[in-house]
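Per-entry structural report
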Amino acid sequence: MTLPGVLLLDAAGPEAGALARAAAARRHQVHAATTTTAYADYGPELKGLLAGHIVTDFTRPDRALDEIAAYARRRGVGAVLTVNEYLTELTAHLCAELGVPGNDPGRAHAARDKAAMAETFAVAGVRAPYTVLVRDADGLRAALADPSVGFPCVIKPVAGAGSAGVTVVSGPAGAAAAADAARTVAGMYARGGDPGVLVQAYAAGAEYSVESFTQDGNTTHLAVTRKQVTGGANRVETGHSLPVHLTPVVEAAVYREVKAAIRAAGIRHGASHTEVIVSRDGRCSVIEIGARLAAGQIGVLIQHALGVDVWAALLDVALGRPAALAPTTHGYATVRFVTSPRAGRLASLSGLPRVGPGVPFARWRAAIGGPVHEPHANGHRLGSFVVTGPDAAEVEERADTLLREIRIHVEPHPNGPGQVSEASTSAIAP
Ligand SMILES: Nc1ncnc2c1ncn2[C@@H]1O[C@H](COP(=O)(O)OP(=O)(O)OP(=O)(O)O)[C@@H](O)[C@H]1O
Ligand SMILES: [Mg+2]
């Protein structure tokens, strides 16, 4: 019997690579829908795994839908997946078009566009920060004067990701610049036009995400993840730890909102990543939902802490088969993202953790001699490593020790001002 083919929308990145490997290991033919430039960057291992690929233009989703659907029918595709935040909406439409398990295409926009998300959450009664979509200076002034917004507030792009262009604004003075910064962040496959920017009430509290899988509308929460986030105007996630055990009352409140968000965003078959902020008094606000597995190595954390094969589970859900989601181990895992203490040129990097016992993953993407930035967006991270073990406190302690041992030497940019900096450790969240 021929197994159904598996189609990945964009196969770039570690998560998609792991999915491709898992599908090929189970003898599915693996296909990718990609762009000319993205395909050129696929490594030889990934290219070797693929039974075929279709080059399309994701900036024209209607045309891409027709082209990819025709390709998928020709090649016997029975499951369509993506781990790319920007392609979740197209994936839902494609699943519906092909009649394979997927999310509600009529709601998929709400999981991608934060203006639509805010509206959908408001209608569905999901607790989320009050949000205003503004299109010009008058709109911005009106939003800032709106008593439901107040200060501090958050100004962010409508369809961004990776914390790019998101600013916590403490007073009217910084708002125009923050709106400009948000406006310049277009989604990965955006096509011109001015989508406006969002002005949002600030939710104070601790940040978590909830990693869930939904099959036939039934949701299993795999883990609650605690985030380390930089303070200040531009918040960047510097670490994730899971599983976090909330008190039963707070956990119930968080799961109630997350379930409502999953339903509101039309997530019927697939993974989701819901970011929440929990206030001191235990109230939960949903910051955003993604109709996909979490990025930032959270899949690796789940695998090592809980023993759940998330890649196999994603495949099973996409194929309409029951997924194995029960933990088979009861450990803990954390990832630390290494960031530069200042902007300049990366002169040297040493003391990096290596993969070994208790460190299942380490990846460096910064090039010596290349530019580095103070962390203003996730894209400014230099690399990351994962620590795992049976005791949560020991895992955190080891990760922090390893982080402190990293030496980053940043020199001023050849054309820029400034002094040669002392060697220093990476910036870590307080
Ligand atoms: N309303 C809010 N109240 C408080 N903090 C917020 C709010 N909105 C965003 N933030 C902070 O800014 C960060 C980035 O915001 P958001 O998640 O909306 O952007 P993003 O581009 O989708 O980021 P990512 O892809 O990294 O999750 C959040 O993790 C949080 O620290
Ligand atoms: Mg976010």
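Residues numbered from 1 in each chain as written. Chains lettered and ligands numbered in written order. Predicted model: local features only at pLDDT ≥ 70, side-chain atom pairs only at ≥ 80, totals over all residues. Heavy atoms only, no water.

**Quick word on the overall build of the protein chain**
Secondary structure summary: the protein chain contains 12 helices and 19 strands in total. Whereas a compact globule of 430 residues would reach a radius of gyration of roughly 22 Å, the protein chain reaches 21 Å, a difference of no more than 12%. In terms of overall dimensions, the protein chain has a C-alpha envelope of 65 × 50 × 50 Å along the principal axes. Counting all 430 residues of the protein chain, 53% fall into the buried class. In the protein chain, 65% of the contacts between residues at least 6 apart in sequence involve partners at least 24 apart. (Helix = DSSP H or I, 4+ residues; strand = E, 2+ residues; numbered from the N terminus. Rg over C-alpha atoms; globule rule 2.2 N^0.38 Å. Buried < 20%, exposed > 50% of the residue type's maximum accessible area, 1.4 Å probe, protein only. Contact = heavy atoms within 4.5 Å.)

**Thoughts on the coordination of the magnesium ion (ligand 2)**
For the magnesium ion (ligand 2), the full set of protein donor atoms is E275 (OE) and E288 (OE), and the range of their distances to it is 1.9 to 2.0 Å. One end of the pair, E275, is in strand 12 (residues 270–278); the other, E288, is in strand 13 (residues 284–290), and 13 residues separate them in sequence. With respect to class, E275 is no different from E288; both count as buried. (Donors = N, O, S within 2.8 Å, 3.2 Å for Na, K, Ca; no water.)

**Focus on the side chain of T91**
Summarising the element assignment, T91 is placed in helix 5 (residues 88–98). Apart from residues no more than four positions distant in its own chain, T91 is found in contact with L9, V80, L81 and T82.

**Let's talk about the site of ligand 1**
Near ligand 1 lie 21 residues; those nearest to it are K156, G162, S163, E207 and E288. Between ligand 1 and E207 there is a distance of 2.3 Å, counted from an oxygen atom to a side-chain nitrogen or oxygen. Contacts to ligand 1 include E275, whose side-chain N or O atom sits 2.9 Å from an oxygen atom. For ligand 1, whose unbound accessible area comes to 600 Å², protein coverage reaches 97%. Taken together, the residues that form the shell around ligand 1 break down as 10 nonpolar, four polar and seven charged. Counting the residues that make up the shell around ligand 1, at least three belong to each of domain 2 (130–201) and domain 3 (203–330). (Near = heavy atom within 4 Å. Polar contact = N/O pair within 3.5 Å; in protein donor to acceptor, adjacent residues only side chain to side chain. Areas by Shrake-Rupley, 256 points an atom, 1.4 Å probe, with all protein chains shown as cover. Nonpolar A, V, L, I, M, F, W, Y, C, P; charged D, E, K, R; others polar. Domains from an automatic or database assignment.)

**Examining the packing of helix 4 (residues 61–74) against helix 5**
Where helix 4 meets helix 5, the closest approach of the two axes is 10 Å, and the angle between their N-to-C directions is 45°. When the interaxial angle is binned, helix 4 and helix 5 end up oblique. For the crossing formed where helix 4 meets helix 5, the hand is right-handed. Between helix 4 and helix 5, the residues in contact are P61, A64, L65, I68, A69, A72 and R73 and L90, H93, L94, E97 and L98, respectively. Class assignment for the residues of the contact of helix 4 with helix 5 results in nine nonpolar, one polar and two charged. (Axes fitted to C-alpha atoms, helices over the stretch in contact; angles between N-to-C directions. Parallel < 35°, antiparallel > 145°, perpendicular 65-115°, else oblique. Left-handed = near helix turned anticlockwise from the far one by under 90°.)

**Some words on the nonpolar core**
Counting 46 residues, the largest nonpolar core has L8, L19, L81, F213, I302, W311 and L314 as the members making the most contacts within it. Sort the elements by how many residues they give to this core and helix 11 (residues 310–319) lands first, with eight residues. The residues touching L19, leaving out its near neighbours within four places in the chain, are L8, L81, V83, W311, L314 and L315. Residues V126, L246, A264 and V286 belong to the second largest nonpolar core, which totals 25 residues. (Core = buried A, V, L, I, M, F, W, Y, C linked by side-chain atoms within 4.5 Å.)

**Details of the pairing of strand 4 (residues 77–81)**
In the case of a regular strand, side chains alternate between the two sheet surfaces. Within strand 4, five of the five residues are buried, which leaves the element mostly enclosed by the surrounding structure. Two elements, strand 1 (residues 5–9) and strand 4, share four bridges in a ladder whose sense is parallel. Across the sheet, the residue bridging to V6 is A79, located in strand 4. (Pairing = 2+ DSSP bridges.)

**What about helix 8 (residues 175–183)?**
Where helix 8 is concerned, the buried positions are A175, A178, A179 and A182. Here the buried residues of helix 8 occupy an arc of 100° about the axis, which is enough to place them on one side. Structurally, helix 8 contributes buried residues whose contacts are with helix 7 (137–145), strand 6 (153–157), strand 7 (167–169) and strand 8 (197–201). (Arc of directions from axis to C-beta.)

**A short note on the UniProt feature "domain: ATP-grasp" (unreviewed entry) in the protein chain**
Under the UniProt annotation, "domain: ATP-grasp" (unreviewed entry) lies at residues 118–319. Helix makes up 30% of residues 118–319 and strand makes up 30%, while its end C-alpha atoms are separated by 31 Å. (UniProt positions renumbered as here; feature names shortened; annotations may be inferred.)

**A word on the pairing of strand 11 (residues 237–242)**
Along strand 11, six of the six residues are buried, which leaves the element largely enclosed by surrounding structure. Where strand 10 (residues 218–229) meets strand 11, four bridges bridge the pair, whose relative direction is antiparallel. Following the sheet pairing, Q228 is matched in strand 11 by G239.

**Observations concerning the sheet that holds strand 18 (residues 383–389)**
Spatially, the eight strands line up as an open sheet ordered 13-12-9-10-11-14-18-16, and their pairing is antiparallel. Each of the sheet's edge strands pairs with one partner strand only, and the pair in question is strand 13 and strand 16 (361–364). Within the sheet, the average angular offset between the axes of one strand and its neighbour, ignoring direction, is 20°. Note: strand 14 (residues 332–338) against strand 18, seven bridges, orientation antiparallel. For F337, the partnering residue across the bridge sits in strand 18 and is S384. Across the sheet, helix 9 (residues 248–264) touches strand 9 (206–215), strand 10, strand 12 and strand 13, and the angle it forms with strand 12 is around 130°.

**Focus: the side chain of T219**
Tracing the backbone shows T219 in strand 10. Of the polar contacts made by the side chain of T219, one reaches the side chain of T214; its length is 2.8 Å. Apart from the residues lying within four places of it in its own chain, the contact partners of T219 are S212, F213, T214, K259 and I262.

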